[in-house]
Amino acid sequence: MIESLFPNVDWEKMWEATVETLYMTAMSTLFTFVIGIVLGIILFLTAPKQLWANRIVNWLTGVFVNVFRSIPFIILIILLIPFTSFLIGTIRGPNAALPALIIGAAPFYARLVLIAFQEIDKGVIEAARSMGATTWTIIWKVLLPESKPALISGITVTSIALVGYTAMAGVIGAGGLGTLAFLDGFQRSRPDVVLMATILILIIVFIIQFIGDAVTRKADKR
Amino acid sequence: MIELKQLTKIFDTGKASLTAVDDVNLSIADGEIFGIIGYSGAGKSTLIRLLNGLEKPSSGSVDINGQVITAIKGAELRKARQKVSMIFQHFNLLWSRTVRENIEFPLEIAGVPKEKRTAKVKELVELVGLDGRENAYPSQLSGGQKQRVGIARALANDPEVLLCDEATSALDPETTDAILDLLVDINKRLGLTIVLITHEMHVIRKICHRVAVMEGGRVVELDDVLSIFQAPKEQITKRFVAQVTETEDSAATIKNLRELYPSGELVKLIFVGEQAEQPILTKLIRHYPVEVNIVQGDISHTQRGAYGTLVLQLKGSKQEISDALLFLEQEKVQTEVMAND
């Protein structure tokens, strides 16, 4: 039955592409999470009246985040080709997609992190200061735990965006379901391959959303 | 001993500058419950934050038990803050932590090992009356319970001074009283100095020994709570005193009373301290031929003794009434004949 609906689908290739997409999404989400949080902390703490208030650092970080958040992803990949080939040694394959994915997504996530931190009651930070907490303690024990639900729902949204980005990266040869759908499906006029790749991407997105929602709910004690 | 000398804080808000605290000199004794009252914008929030270095003064100094808070920074200031803890109007608990973990937080900051933390938390939970709620999250607690967690958290590192930033302003009257009782209890039991800021005279009356009245960044009046109630000097102090001594419809009261009691003389007596416990009224009735009718009365207890007002209707001849008033004067009761207009 499935064989007749998708006559042109090479299941082994489809599975391989799915694994590649999952790999790219997972790796880029991981790096985006770390870099985004670091950028978010810098943006938050260097803002006026904050613990590290520093106009220049705040401005520079803000510009970096805004610039890379604004460049359309497909153009960012092309702009980053020299950087990628320097860093990875090649511009093809899943690993070559990672720099562009991370640089594209981390600034976006940094904004979400900043918003999450801004939602924290200022009084709680003041309370920690009044107890003699260092800035590091405030970061580790106040900022991050108190914004956990927003950080998790933010990385969920970002991760889903990254699934879409991997498909776009696929067009220039990153591998994964995007490449498969484009090369084997679209260019060879096999709509069933495109359809199957789409279904698989949708399933990945739904699973990420489901896990993200569940973890956010569990983390939220408010 | 807390000493504030010529303490001034000026905020630069672009073009204009705002003097939040203006040349404040105060000296607060060990074990004292010291109140600072003022309307919002009077500078009391800034003043209390100067005491633990959350704000830096523009000039002047804060000295707490020999340590000049305004002169230290970094690790030294953080260490000092463990001995000058603070509770807040909106409690400022970490919602991501349970009651136990919230109380543990300052202990973690101070680097206390796990077993000691557990023992200390147990002790504090009992002290503030939260037994059995250790594993609840703040969202599962009432306002009063949250403030109890705040107090336990503030006491974790055995501070010498407790700063209360409008600690009961977000609570209903009954809970307010329970929290105030707890603060007095802690003050007596641990010998802790308490500095509190508030806009409610009720709080001052109920627990403070001395009070400073702030207006426009300055301390305009400072005295023993009982003396403030007995003889407020400044207009603003009179308004604060009126908050608790006059009944709700006080403006209309005199006129109403005159209508209700058209004959005789209406006299307001003010009792302070021991007088409030003397049978002055009995003596008055026994020894003077005036007719005495109690119109309105109110007695309140402060940490430094009782304070009360009593409105009497005195009926009799002019001579009889003036004799009675003379007697009251001799008994050192403050009397005030209410105008007959």
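These figures come from a predicted structure and were not determined experimentally.

*Asks:* Mind showing me how you'd approach the sheet that holds strand β7 (residues 161-165) of chain B here?
*Replies:* Adjacent strands of a sheet form backbone hydrogen bonds with each other and so pair up, either parallel or antiparallel. All names here are of chain B. Strand order across the open sheet formed by 6 strands is β6-β7-β8-β3-β9-β10, with mixed pairing between neighbours. Where the open sheet ends on each side, the last strands, each with one partner, are β6 (84-88) and β10 (218-224). Averaged over all neighbouring strand pairs, the angle between strand axes comes to 20°, with direction disregarded. Sheet analysis places β6 next to β7, joined by 5 bridges and oriented parallel. Paired with Ser-85 across the bridge in β7 is Leu-162.

*Asks:* Can you walk me through helix α12 (residues 318-330) of chain B in this structure?
*Replies:* For an α-helix, the turn length of 3.6 residues means that residues three or four places apart are oriented alike. Residue and element names in this part refer to chain B. Along its 13 residues, α12 runs 18 Å from first to last C-alpha, staying within 8% of the 18 Å computed at 1.5 Å per residue. The complete set of buried residues in α12 reads Ala-324, Leu-325 and Leu-328. In a view along the axis of α12, the buried residues occupy a sector of 100°, so they form one face of it. Structural note: α12 exposes Gln-319, Leu-326, Glu-329 and Gln-330 on the side pointing more than 90 degrees away from its buried face. Following α12 by one or two positions, Lys-332 has its phi on the positive side, about 60°.

*Asks:* Hey, could you run me through the confidence of the model for chain A in this one?
*Replies:* In low-pLDDT segments, the atomic positions of the prediction should not be examined closely. Of all residues in chain A, 100% have pLDDT values of 70 or greater, and the mean over the chain is 92. Per-residue pLDDT, averaged within each element of chain A, yields its smallest value for helix α1 (residues 2-5) of chain A (77) and its largest for helix α8 (residues 135-146) of chain A (96).

*Asks:* Just to check I follow, could you spell out the domain arrangement of chain B for this structure?
*Replies:* Often, the extent of an interface is quoted as the loss of accessible area upon association of its parts. All names here are of chain B. Under the domain assignment used here, chain B contains domain 1 (2-244) and domain 2 (248-337). Between the C-alpha centres of domain 1 and domain 2 there is a distance of 38 Å. If you look at the interface, domain 1 gives 12 residues, while domain 2 gives 10 residues. A per-element tally of the side of domain 1 that touches domain 2 places helix α8 (residues 225-230) first, with 4 residues. Class assignment of the residues belonging to the side of domain 1 that touches domain 2 gives a composition of 8 nonpolar, 2 polar and 2 charged.

*Asks:* I would appreciate a short explanation of the pairing of β6(B) in the present structure.
*Replies:* Looking along a regular strand, one sees side chains alternate from face to face of the sheet. Buried residues dominate β6(B), accounting for 5 of its 5 residues. With burial as the criterion, each face of β6(B) is covered, one bearing Val84(B), Met86(B) and Phe88(B) and the other bearing Ser85(B) and Ile87(B).

*Asks:* Even after reading the chapter, I still don't get the sheet that holds strand β13 (residues 305-315) of chain B, so can you show me in this structure?
*Replies:* All names here are of chain B. Strand order in the open sheet formed by 4 strands is β12-β13-β11-β14, and the pairing between neighbours is antiparallel. Only two strands of the sheet have a single partner each, and these edge strands are β12 (291-302) and β14 (334-337). Between one strand axis and the next, the sheet turns by 15° as a mean value, whatever way the strands run. In this structure, strand β11 (residues 265-272) lies alongside β14, joined through 4 bridges in antiparallel fashion. What sits directly across from Lys-268, in β14, is Glu-336.

*Asks:* What is the right way to look at the nonpolar core in this model?
*Replies:* Across soluble globular proteins, nonpolar side chains show a tendency to be buried alongside one another. Of all hydrophobic cores here, the largest spans 143 residues; its most connected members are Leu101(A), Val113(A), Ala152(B), Leu163(B), Ile194(B) and Val195(B). Per-element accounting of this core gives the leading share, 17 residues, to helix α6 (residues 94-118) of chain A. In this structure, Ala152(B) is in contact with Ile103(B), Leu124(B), Val125(B), Leu127(B), Val128(B) and Leu130(B), ignoring residues within four places of it in sequence.

*Asks:* What's the story with the interface of chain B and chain A in this structure? I'm lost.
*Replies:* Taken residue by residue, the interface counts 19 residues in chain B and 19 residues in chain A. Those elements that place two or more of their residues in the side of chain B that touches chain A are α2 (74-81), β6 and α3 (99-109) of chain B. For the side of chain B that touches chain A, the per-class residue count stands at 9 nonpolar, 7 polar and 3 charged.

*Asks:* Just to check I follow, could you spell out the environment of His90(B) for this structure?
*Replies:* By the element assignment, His90(B) lies in the loop between β6 and α3. With 18 C-beta atoms counted inside 10 Å, the residue His90(B) sits in the partly exposed group. His90(B) sits 66 residues away from Ala156(B) along the chain, and the two C-alpha atoms are 19 Å apart. Other than its neighbours up to four places away in sequence, His90(B) contacts Gly123(A) and Ala170(B).

*Asks:* I'm lost on unusual backbone geometry in this one. Help?
*Replies:* Excluding glycine, residues mostly have negative phi values, and the peptide bonds linking residues are mostly trans. Residues and elements named next belong to chain B. The phi angle at Asp-23 is positive, at roughly 50°, despite the residue not being glycine. Relative to the helices and strands, Asp-23 is located in strand β2 (residues 16-28). With 15 C-beta atoms counted inside 10 Å, the residue Asp-23 sits in the partly exposed group. A positive phi angle is found at Phe-91, which is not glycine, with a value near 65°. The residue Phe-91 is located in the loop between β6 and α3 in this model.

What counts and what doesn't
The residue numbers shown here count from 1 along each chain, following its written sequence. Numbering of ligands from 1 and lettering of chains from A proceed in the order in which they are written. Residue-level local features of this predicted model are given only where pLDDT is at least 70; pairs of side-chain atoms are given and counted only at 80 or more, and the full residue set underlies all totals for whole chains, interfaces and linings. Strands are treated as partners if at least two bridges between them are detected by DSSP. A run of H or I in DSSP becomes a helix once it reaches four residues, and a run of E becomes a strand once it reaches two; helices and strands are each numbered from the N terminus. Between N-to-C directions, angles span 0 to 180 degrees; the directions come from axes that are lines fitted to C-alpha atoms, helices contributing only their stretch in contact. The span you would expect from a helix comes to 1.5 Å times its residue count less one. Labels follow a simple rule on C-beta atoms placed from the backbone: if 20 or more others lie within 10 Å of a residue's own, it is buried; if 12 or fewer, it is exposed; otherwise it is partly exposed. Starting at the helix axis, one direction is taken to each C-beta atom, and the arc is that of these directions. Per-residue confidence from the predictor is reported as pLDDT, which spans 0 to 100. All domain edges in this entry derive from an automatic or database-based domain assignment. Any two residues are considered in contact once their C-beta atoms, placed from the backbone, lie within 7 Å. Polar here means any residue outside two lists: the nonpolar Ala, Val, Leu, Ile, Met, Phe, Trp, Tyr, Cys and Pro, and the charged Asp, Glu, Lys and Arg; Gly therefore counts as polar. A set of buried residues drawn from Ala, Val, Leu, Ile, Met, Phe, Trp, Tyr and Cys, joined through C-beta atoms within 7 Å, is what defines a nonpolar core.

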